[in-house]
Number of protein chains: 2
Amino acid sequence: MPTKKFLLEEKDIPRQWYNLAADLPTPMHPPLCPDGSPLKPEMLERVFPGNIIEQEVSRSRWIDIPEEILEILTLWRPAPLRRALRLEKYLKTPARIYYKDESVSPAGSHKPNTAVAQAWYNKKFGIKRLTTETGAGQWGSALAFACNLIGLKCRVYMVRISFDQKPMRKTMMQTWGAECLASPSPHTHAGRAILKEMPHTPGSLGIAISEAVEDALSDKSGKSRYTLGSVLNHVLLHQTIIGLEAKKQLKIAREKNPDVVIGCVGGGSNFAGIAFPFICDKIHGEKIEIIPVEPTACPSLTKGPFTYDFGDVAGLTPLLPMYTLGHRFVPEPIHAGGLRYHGMAPLVSHAAAQGLIKPQAYDQLKCYESALLWARTEGTIPAPETSHAIACAIDEAKKAKQEGKQKVILFCYSGHGLMDLSGYDKFLSGKLTKYALPKNKLRQSLKAIKNLPRIK
Amino acid sequence: MPTKKFLLEEKDIPRQWYNLAADLPTPMHPPLCPDGSPLKPEMLERVFPGNIIEQEVSRSRWIDIPEEILEILTLWRPAPLRRALRLEKYLKTPARIYYKDESVSPAGSHKPNTAVAQAWYNKKFGIKRLTTETGAGQWGSALAFACNLIGLKCRVYMVRISFDQKPMRKTMMQTWGAECLASPSPHTHAGRAILKEMPHTPGSLGIAISEAVEDALSDKSGKSRYTLGSVLNHVLLHQTIIGLEAKKQLKIAREKNPDVVIGCVGGGSNFAGIAFPFICDKIHGEKIEIIPVEPTACPSLTKGPFTYDFGDVAGLTPLLPMYTLGHRFVPEPIHAGGLRYHGMAPLVSHAAAQGLIKPQAYDQLKCYESALLWARTEGTIPAPETSHAIACAIDEAKKAKQEGKQKVILFCYSGHGLMDLSGYDKFLSGKLTKYALPKNKLRQSLKAIKNLPRIK
């Protein structure tokens, strides 16, 4: 009986995060103010604590993980590396398919890796309360979980339509002691203004971000801050523990580095987590194919330009160098809510611009087909986001079969789908559509950013 | 940083199940026909395959686990043994609290341990299709999962009210390729008769059992059989892998046998799984307190007589020697649906009658309070059933503190609560009640069994 799980002991958990910014062949483009002038770190101080801002701009290759953060991460970490033997057998592929299982966290995804770290740094800095927004609820749940264990208050603005469609996500957050409000809410100027104008709006991530930022800024005690679950450098940094653990576990499995590394991408954090330590090896000469997989309904890396854009719809954030569909872009309502983001993390975008990674886009029908094959061979039900990585891993395994090569494929199983079964229900009853990006929609959306600064 | 997880390698998974029947100080009382005559194994052959019946009546102490079953179990097994360090710290207890985490299975509970085994034995026997009933959905999901991996058709009759309240359980079963029907259904005589009489009935486990048994019996090919998720000897046998693994892992944690072993009980299978290997030690002289925890709303072990009763409401099954509230007993609608069974597994009942275990009953409010404390210290959200074991473990840890004793407490974390968050929602919004058993309700219910044979 060949081994299916490669486990690390707690004592072997990585003690440092890896910062890709230290190894990039050309330096990152700096974030800018809306007028094109350079953004100074201190401008962010009302939104983020100083220690997080320091991490955001750091160029150190290795950053120590504080012991108290590790203490909490070991509630579920090291996460297992597993081999998908039953899927391999079904595909009759000579490839060996490994997946890093981030679904084992209490919130069910990779998100707590950074939620715990962000909550800890805020607490350390004297902050008492965090605000954030959430779409499908994965990030809000993770931050609620982390704030509870660290001892911070937490308020989550959840996009109204998800709030109504997924009431159990709210219950999850409340179980961990957080407040979860439907956005737009009557608690902020931004929310009230929108409610007055459009009382029946389903809400959007852009509105929820505006509310969460305003909420943090308007706390007169100065003890509230805002948090983000993806996109920013420090968020991606905290996720690199995924790939660093996977490297150690591949050694236990007696494998060298993988031939192919795959992760789904929305904002970019789980992909960065699995991929960045391997991009480091690639920069240093190793031959590894690294594939971020995005939905055809929201194809920032494969269809968008690499340019400066806002992180939010309302244009409240600094300008970030990103592959972007334009900050006004509203993706079709695919079930992979975590991948419905108009832009791509600057670090991931930079790696793409340098040719270090090879983005691909998959449509949601193909992804659900792959998720079903996965559930029926490997036995677990993946999150709709994760199914994008699975679909690509299956294609790579088929390619290895055609080529007759014993490739090693590694992907990030970023979360389970137990809170997202309604998408499976629609797929099984034939009610799902593919969703691709109509050309005129992209053209229209890019108009909103045509007067913003360009990357030189 | 002290270790929180004690992992076994796949090669160290137990290779045999443990059969408590071999070690009981007095032999089990035999199952009977309704008229009191002894039941012959061959009478069961239209319902169960011969190899399962053999296991049901076996008195061998150790039964080999076939390699092909192990191959599937290792998709998630060995399951981790974890130490609840953060809960210990919160309680300021000198006790060390360990829990065997059965929530890691793809279906989210201990149920797949026997579902896989039952599906395999049926397949081996030439059976093509399995039927079963499910209440809250845990067992139906587990059997759907197992039948898919083994290659059997599967039909689940799900109690109508659960079917409507928990549509995601149906989707889960369909994802694994099973059919899930609301019971009563128009597919069986039993179902049609009930629908005619009571078109709007919410259904019951008793009706669903009748439908599933009739369905298996009426397949003219003779290739359908019925399966049960708890109560019977072979089901409990398959669960003993839980306690056998835990024993090995306690050694890795450098602990001797625990002082206290705890499991929640409905039909008895997860309790048997964690407890039977330790009951063996107790029979051979070790001092271990072993506690099955049941809900006050369905207190078969603590309030019922030990007598012969039917396993189902309709009286279709053989008579089993059980602690029972009477087969007509309908428990209050507590959220721990898996514990809403009128009787108790004959093996567990026998152990209780012999004084080998010390049953306790907890009300649902206390259980949800404990579940919330658990979620806020250990970080995971337990199933409502599991919260009964947690509540008792917390009480035992407090007792150890009062006594100033460094006790080792072990309990079975039988499943996660991610599919049952509606109960948390009601608890958090103050809408849950305690539910105890009104005396006249028990008296009334026991009337139905007063003319059945007694245990001599």
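Calculation rules
- For every chain, the first residue of the written sequence is number 1, and numbering continues from 1 onward in sequence order.
- As they are written, the chains are lettered A onward and the ligands numbered 1 onward, keeping that order.
- For this predicted model, a pLDDT threshold of at least 70 governs which residues receive local features, and a threshold of 80 or more governs which side-chain atom pairs are given and counted, while totals over whole chains, interfaces and linings are taken from all residues.
- In computing side-chain properties, one takes all heavy atoms of the structure into account and sets aside hydrogens as well as water.
- When DSSP finds two or more bridges between two strands, those strands count as paired.
- In this text, helices come from DSSP runs of H or I with a minimum length of four residues, and strands from runs of E with a minimum of two, each type numbered from the N-terminal end.
- Should any heavy atoms of two residues lie within 4.5 Å, those residues are considered in contact.
- Orientation is described by lines fitted to C-alpha atoms, with helices fitted over the stretch in contact, and by angles between N-to-C directions that extend from 0 to 180 degrees.
- Ring pairs are drawn from Phe, Tyr and Trp, using the six-membered ring of Trp, whenever the two centres fall within 6.5 Å, and their geometry is named by plane angle: stacked under 30 degrees, edge-to-face over 60, tilted for the rest.
- Superposing copies: least-squares fit, C-alpha atoms only, residues required to have pLDDT of at least 70 in both.
- The span expected for a helix works out to 1.5 Å for each residue beyond the first.
- Remark: exposure states derive from per-residue accessible area (1.4 Å probe, protein chains only) relative to the maximum for the residue type, with buried under 20%, exposed over 50%, and partly exposed in between.
- Salt bridges are identified by distance alone: a Lys or Arg side-chain nitrogen within 4 Å of an Asp or Glu carboxyl oxygen.
- By buried area we mean how much accessible surface two parts lose on assembly, using a 1.4 Å probe and totalling the loss over both.
- For the purposes of these results, a polar contact is taken to be a pair of N or O atoms within 3.5 Å, where, inside protein, one atom must be able to donate a hydrogen and its partner to accept one; residues adjacent in sequence count only when each atom of the pair is a side-chain atom.
- Each residue receives one of three labels: charged for Asp, Glu, Lys and Arg, nonpolar for Ala, Val, Leu, Ile, Met, Phe, Trp, Tyr, Cys and Pro, and polar for the others, Gly being one of them.
- Each patch is built from residues lacking any salt bridge and having more than 30% relative accessible area; the joining distance is 9 Å for like charges and 5 Å for nonpolar side chains (Val, Leu, Ile, Met, Phe, Trp, Tyr).
- Surface accessibility in these figures is a Shrake-Rupley result with a 1.4 Å probe; residues are shielded only by whichever protein chains are displayed.
- Residues scored as charged are limited to Lys and Arg (positive) and Asp and Glu (negative), so that His and the chain ends carry no count.
- The location of each charge is read from NZ of Lys, CZ of Arg, CG of Asp or CD of Glu.
- Segmentation of the chain into domains, including their bounds, is taken from an automatic or database domain assignment.
- By the definition adopted for this analysis, an angle is roughly parallel if under 35 degrees, roughly antiparallel if over 145, roughly perpendicular if from 65 to 115, and oblique otherwise.
- Handedness of a crossing is defined here by the sense of rotation of the near helix relative to the far one, left-handed for an anticlockwise turn of less than a right angle and right-handed for a clockwise turn.
- Look down the strands so they point away from you; if the path from the first strand over the helix to the second goes clockwise, the crossover is right-handed.

Engineer: Outline the sheet that holds strand β10 (residues 260-264) of chain A, supporting the account with residue identities and numerical values.
Structural biologist: Where strands meet in a sheet, backbone hydrogen bonds hold them as pairs that are either parallel or antiparallel. All names here are of chain A. Spatial ordering of the open sheet is given by β1-β4-β5-β15-β10-β11-β14, a layout of seven strands whose pairing is mixed. For this open sheet the edge positions go to β1 (5-6) and β14 (360-362), each flanked by a neighbour on one side alone. As paired elements, β10 and strand β11 (residues 289-295) share five bridges and run parallel to each other. Opposite V260, over in β11, you have E289 as the bridge partner. Where helix α11 (residues 241-252) meets the sheet, its contacts fall on β1, β4 (81-83), β5 (96-101) and β15 (408-413), and the angle it forms with β5 comes to roughly 135°.

Engineer: So what about the packing of aromatic side chains? Which residues, and what values?
Structural biologist: Here the structure, examined in full by the defined rule, presents 30 aromatic pairs over all chains. Seen from their ring centres, Y99(A) and Y413(A) are 5.5 Å apart, and the 55° between their planes marks the pair as tilted. A residue pair is termed long-range when its members are at least 10 positions apart, and Y99(A) in strand β5 and Y413(A) in strand β15 qualify at 314 residues. With 5.6 Å between their ring centres and 80° between their planes, W374(B) and F411(B) make a pair best called edge-to-face.

Engineer: Explain the sheet that holds strand β8 (residues 179-183) of chain A residue by residue, including any values.
Structural biologist: Residue and element names in this part refer to chain A. Across the sheet, which stays open at both edges, the four strands sit in the order β8-β7-β6-β9 with parallel pairing between neighbours. Sheet topology places β8 and β9 (224-226) at the edges, where each strand pairs with a single neighbour. Neighbour-to-neighbour, the strand axes of the sheet open up by a mean angle of 25°, direction not taken into account. Inspection of the sheet shows strand β7 (residues 153-159) paired to β8 by five bridges, in the parallel sense.

Engineer: Account for the relation of the copies chain B and chain A, with residues named and values stated.
Structural biologist: Each of the two copies of the chain can be brought onto the other by a rotation about an axis and a shift along it. Screw-axis analysis of chain B against chain A gives a translation of 0.0 Å along the axis, an RMSD of 0.0 Å, and a rotation angle of 180°. With respect to symmetry, the two chain copies, as superposed, fit the operation of a two-fold axis. A high fraction, 100%, of the interface residues of chain B reappear at the interface in chain A, so the copies pair face to face through one surface.

Engineer: Quick one: what's the story with α11(A), residue by residue and with numbers?
Structural biologist: Residue and element names in this part refer to chain A. Here α11 contains 12 residues, and its C-alpha end-to-end distance of 17 Å stays within 8% of the 16 Å for a straight helix at 1.5 Å per residue. The set of residues buried in α11 consists of I241, I242, G243, L244, E245, A246, Q249 and L250. Looking one or two residues past α11, R254 carries a phi angle of roughly 60°, positive in sign.

Engineer: Please provide a residue-by-residue account of the pattern of salt bridges, values included.
Structural biologist: All names here are of chain B. Summed over the entire model, instances satisfying the criterion amount to 47 salt bridges over all chains. The shortest N-O distance in the salt bridge between R61 and D23 comes to 2.6 Å. In this pair, R61 sits in the loop between α1 (50-57) and β3 (62-64) while D23 sits in the loop between β2 (16-18) and α1, placing the two residues 38 residues apart along the sequence. Taking the relative accessible area as the measure of exposure, R61 reaches 37% and is therefore partly exposed. For D281, the salt bridge goes to K247, with nearest N and O atoms at 2.3 Å. Of this pair, D281 sits in helix α12 (residues 269-283) while K247 sits in helix α11 (residues 241-252), placing them 34 residues apart in sequence. In this structure D281 comes out as buried when scored by relative accessible area, which is 13%.

Engineer: Let's hear about the interface of chain B and chain A: which residues, and what values?
Structural biologist: Taken residue by residue, the interface counts 48 residues in chain B and 48 residues in chain A. Roughly 4,100 Å² of surface becomes buried between chain B and chain A when both sides are summed, with 59% attributable to carbon and sulfur atoms. Where chain B packs against chain A, one counts six salt bridges. The partner of E10(B) in a salt bridge is K5(A), and the shortest N-O contact between them spans 3.3 Å. Viewed at the interface, chain A and chain B are joined by 28 residue pairs in polar contact (both at pLDDT 80 or more). Broken down by secondary-structure element, the contributors of at least two residues to the side of chain B that touches chain A are α2 (67-73), α5 (138-150), α7 (167-175), α15 (364-377) and α17 (421-428) of chain B. With six residues, α7(B) is the single largest residue contributor to the side of chain B that touches chain A. When grouped by side-chain class, the residues that make up the side of chain B that touches chain A number 23 nonpolar, 12 polar and 13 charged.

Engineer: So, a positive patch on the surface: which residues are in play, and what are the values?
Structural biologist: There is a patch of like positive charges on the surface, built from K303(A), K439(A), R443(A), K447(A) and K450(A). By the secondary structure assignment, K303(A) is in helix α13 (residues 300-303).

Engineer: Explain the domain arrangement of chain A to me, using residue names and the numbers behind them.
Structural biologist: Residues and elements named next belong to chain A. Looking at the assigned domains, one finds that chain A contains domain 1 (32-50 + 111-226) and domain 2 (64-108 + 234-445). Once you take the C-alpha centre of each, domain 1 and domain 2 turn out to be 24 Å apart. Across the contact, 30 residues belong to domain 1 and 35 residues belong to domain 2. Here domain 1 packs against domain 2, burying approximately 2,700 Å² in sum over the two surfaces, 67% of which is carbon and sulfur. When the buried surface of domain 1 facing domain 2 is broken down by residue, L32, N113 and W120 rank first, second and third, together holding 24% of it. Between D420 and K166 there is a salt bridge, and its shortest N-O distance comes to 2.7 Å. Secondary structure elements with two or more residues in the side of domain 1 that touches domain 2: α4 (112-124), α5 (138-150), α7 (167-175) and α9 (205-217). Ranked by residue count, the leading element in the side of domain 1 that touches domain 2 is α4, at eight residues. Partitioned by chemical class, the residues of the side of domain 1 that touches domain 2 number 20 nonpolar, seven polar and three charged.

Engineer: Which residues make up the packing of helix α4 (residues 112-124) of chain B against α5(B), and what values do they have?
Structural biologist: All names here are of chain B. Contact geometry for α4 and α5: axes closest at 8 Å, N-to-C directions at 45°. Between α4 and α5, the interaxial angle falls into the category oblique. In the packing of α4 onto α5, the handedness of the crossing is right-handed. Together, P112, T114, A115, V116, Q118, A119, W120 and K123 of α4 and W139, A142, L143, F145, A146, C147 and I150 of α5 make up the contact between the two elements. When its residues are assigned to classes, the contact of α4 with α5 shows 12 nonpolar, two polar and one charged.

Engineer: Lay out the pairing of strand β7 (residues 153-159) of chain B with the relevant residues and their values.
Structural biologist: Residue and element names in this part refer to chain B. Within β7, six of the seven residues are buried, leaving the element largely enclosed by the surrounding structure. Note: strand β6 (residues 129-134) against β7, six bridges, orientation parallel. Within β7, the position partnered with T134 by the bridge is M158. This β-α-β element, β6 to α5 to β7, shows right-handed connectivity.

Engineer: Give me the side chain of T377(A): which residues, what numbers.
Structural biologist: Note that T377(A) resides in helix α15 (residues 364-377). Not counting chain neighbours up to four residues away, the residues in contact with T377(A) comprise R86(A), L87(A), Y90(A) and L149(B).

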